[in-house]
Amino acid sequence: MPTTICPECSEEVFVDAESEQGDSVSCDECGSRLVVVGLDPFELDLQEEPESDGTSDDDDLQSSDYDDARY
Ligand SMILES: [Zn+2]
């Protein structure tokens, strides 16, 4: 399984060989949520996750304009 470097803690992170750009992985070392931004070689970036605990999708309505600002 390929590894790459966590941008947060600089430790090696295992990445599924079949990962695609935009996939999310989490760092075993620091627990950061990361997103695959490059494939050859694998490259990870911190995944921005504003005020979400991952348990509810219903609250996303009022922050829908936030996604536009990220890109
Ligand atoms: Zn890390």
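Preceding this section is the structure that the text describes.
A brief structural summary. What you are looking at is a predicted structure, and each value in this text was computed from that prediction instead of being measured. (Residues numbered from 1 in each chain as written. Predicted model: local features only at pLDDT ≥ 70, side-chain atom pairs only at ≥ 80, totals over all residues.)

**Here's the deal with the nonpolar core**
Item 1. One finds Cys6, Val13, Val15, Val25, Cys27, Leu34, Val36, Phe42 and Leu44 forming the largest nonpolar core, which totals nine residues.
Item 2. Sorting the residues of this core by element identifies strand S4 (33-39) and strand S5 (42-46) as the ones contributing at least two each.
Item 3. Every residue in contact with leucine 34, bar those within four places of it in the chain, is listed here: Cys6, Val13, Ser24, Val25, Ser26, Cys27, Leu44, Asp45, Leu46 and Gln47. (Core = buried A, V, L, I, M, F, W, Y, C linked by C-beta atoms within 7 Å. Buried ≥ 20, exposed ≤ 12 C-beta atoms within 10 Å, placed from the backbone. Helix = DSSP H or I, 4+ residues; strand = E, 2+ residues; numbered from the N terminus. Contact = placed C-beta atoms within 7 Å.)

**Describing the sheet that holds S5**
Item 1. Overall, antiparallel pairing links the three strands, which are arranged S3-S4-S5 in an open sheet. The sheet terminates laterally at strand S3 (24-26) and S5, the two strands that pair on one side only. Strand-to-strand, the axes of this sheet are offset by a mean angle of 45 degrees, without reference to chain direction. (Pairing = 2+ DSSP bridges. Axes fitted to C-alpha atoms, helices over the stretch in contact; angles between N-to-C directions.)

**A look at unusual backbone geometry**
For residues other than glycine, phi is negative in most cases, and the peptide bonds are mostly trans.
Item 1. Omega for the peptide link from aspartate 40 to proline 41 comes to 5 degrees, which places this bond in the cis form.
Item 2. You can see proline 41 is positioned in the loop between S4 and S5.
Item 3. A positive phi angle, close to 65 degrees, is found at serine 10, a residue other than glycine.
Item 4. Note that serine 10 resides in the loop between strand S1 (3-5) and strand S2 (12-14).

**What about the pairing of S5?**
Item 1. Direction of pairing for S4 relative to S5: antiparallel, over a ladder of five bridges. Within S5, the residue paired with leucine 39 across the bridge is phenylalanine 42.
Item 2. Here S4 hands over to S5 after two residues, the two strands then running antiparallel side by side.

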